[in-house]
Amino acid sequence: PKTPTSVSITVGTNSVTATATGSTDALSGFSKYQYSLNNSTWQDSGTFSGIKSGTATTIYARAVDKVGNVSASISNKGTTTSLGAVTITQNPAAGTWTKGNVTVTLSHAAVSGYTLQYKIDSGAWTTYSSALTISANGTKVTARMYNTTLADEGNSAVSKTISNID
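These remarks concern the structure in this document. (Residues numbered from 1 in each chain as written. Predicted model: local features only at pLDDT ≥ 70, side-chain atom pairs only at ≥ 80, totals over all residues. Heavy atoms only, no water.)

With respect to the overall build of the protein
Where we set the bar: Helix numbers and strand numbers start at the N terminus; a helix is a DSSP run of H or I with at least 4 residues, a strand a run of E with at least 2. The size measure is the radius of gyration over C-alpha atoms, and the globule rule it meets is 2.2 Å times the number of residues to the 0.38 power. When a residue's accessible area, from a 1.4 Å probe over protein chains only, is under 20% of the maximum for its type it is buried; when over 50% it is exposed; and in between it is partly exposed. The contact criterion used is simple: two residues touch if any of their non-hydrogen atoms lie within 4.5 Å. The positive count covers Lys and Arg only, the negative count covers Asp and Glu only, and His and the chain ends enter neither. All charge positions are set by atom: Lys at NZ, Arg at CZ, Asp at CG, Glu at CD.
Scanning the protein from terminus to terminus reveals 0 helices and 15 strands. Taken against the 2.2 N^0.38 rule, which gives 15 Å for 166 residues, the C-alpha radius of gyration of the protein at 24 Å runs more than 25% over that of a compact globule. Along the longest, intermediate and shortest principal axes, the C-alpha atoms of the protein span 85 × 25 × 20 Å. Buried residues in the protein amount to 38% of all 166 residues. The contacts in the protein between residues at least 6 apart in sequence include a share of 55% that link residues at least 24 apart. The distance from the centre of the 11 positive side-chain charges to the centre of the 7 negative ones in the protein is 2 Å.

Re the sheet that holds strand β2 (residues 15-21)
Convention followed: If DSSP finds at least two bridges between two strands, the strands pair. An axis is simply a line fitted to the C-alpha atoms; with a helix, the fit covers only the stretch in contact. Between two such axes, the angle follows the N-to-C directions and lies from 0 to 180 degrees.
A sheet is described by the order of its strands in space; here 3 strands give the open sequence β1-β2-β5, paired in antiparallel fashion. Edge positions in the sheet fall to β1 (6-11) and β5 (47-49), since each of these pairs with one other strand and no more. Averaged over all adjacent pairs, the angle separating strand axes in this sheet is 15 degrees, with direction ignored. Bridging between β1 and β2 involves 6 bridges; their strand directions are antiparallel. Looking at the pairing, Ser-6 lines up with Thr-21 of β2.

Let's talk about the packing of aromatic side chains
To keep it simple, the criterion reads: Aromatic rings from Phe, Tyr and Trp, with only the six-membered ring used for Trp, were paired whenever their centres fell within 6.5 Å, and each pair was classed as stacked if the ring planes differed by under 30 degrees, edge-to-face if by over 60, and tilted otherwise.
The tally for this structure, following the rule as stated, stands at 2 aromatic pairs. Taken together, a centroid distance of 4.7 Å and an interplanar angle of 55 degrees make the contact between Phe-30 and Tyr-33 tilted. Since its relative accessible area comes to 28%, Phe-30 is described here as partly exposed. When its relative accessible area of 15% is taken as the criterion, Tyr-33 is described as buried. Between Tyr-118 and Tyr-128, the ring centres sit 6.3 Å apart and the planes meet at 90 degrees, which makes this aromatic pair edge-to-face. Here Tyr-128 lies in the loop between β11 (126-127) and β12 (132-134) and Tyr-118 lies in strand β10 (residues 115-120), a separation of 10 residues in the sequence. For Tyr-118, a relative accessible area of 15% puts it in the buried group. Taking the relative accessible area as the measure of exposure, Tyr-128 reaches 15% and is therefore buried.

Details of the pairing of strand β6 (residues 56-65)
Summarising burial for β6: 8 of the 10 residues are buried, a large majority. Where strand β3 (residues 30-37) and β6 come together, 7 bridges link them in antiparallel fashion. Across the sheet, the residue bridging to Ser-36 is Tyr-60, located in β6. Sheet topology places β6 next to strand β7 (residues 74-79); 6 bridges connect them, and they run antiparallel. Looking across to β7, one finds that Ala-61 is bridged to Ile-74.

As for the environment of Thr-79
The topology assignment puts Thr-79 in strand β7. Sequence-wise, Thr-79 and Thr-55 are 24 residues apart; in three dimensions their C-alpha atoms are separated by 5.2 Å. If sequence neighbours within four positions are ignored, Thr-79 has contacts with Val-11, Gly-54, Thr-55 and Ala-56.

Below, the structure written as structure tokens:
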């Protein structure tokens, strides 16, 4: 069969989908396209999932004719969608001194498969559900989006040290 003329890629947060076009076979006839992620195992589906966010990939496509002959492959590159940073907001704001506690809120757009997590100083990661109350100056709050299935910290963790409690 003739080599495909193009392979287009659609990226998601944890997946890449490829579609090849342009192959023909004048003898036995065109049968199907096959796809490979990063030049590994070939498969009939152009959908690859379970990829960490922000990961560069190369998708290869080839044609197969009705008697099993395969064409040369072509490739296209794509990077899965990055999640972006978590926002850490404190009240009162940094630079405004207080004798009381500081309320810290975390925010990030919801992303399927990911959970917003935080840790205080060097503590354990905890799922975020409501505002945090910080009572000690110098407390470090770190936040991230995390996908347990993929062990994917979808963005670099961000931190803020509370430094306005007197």
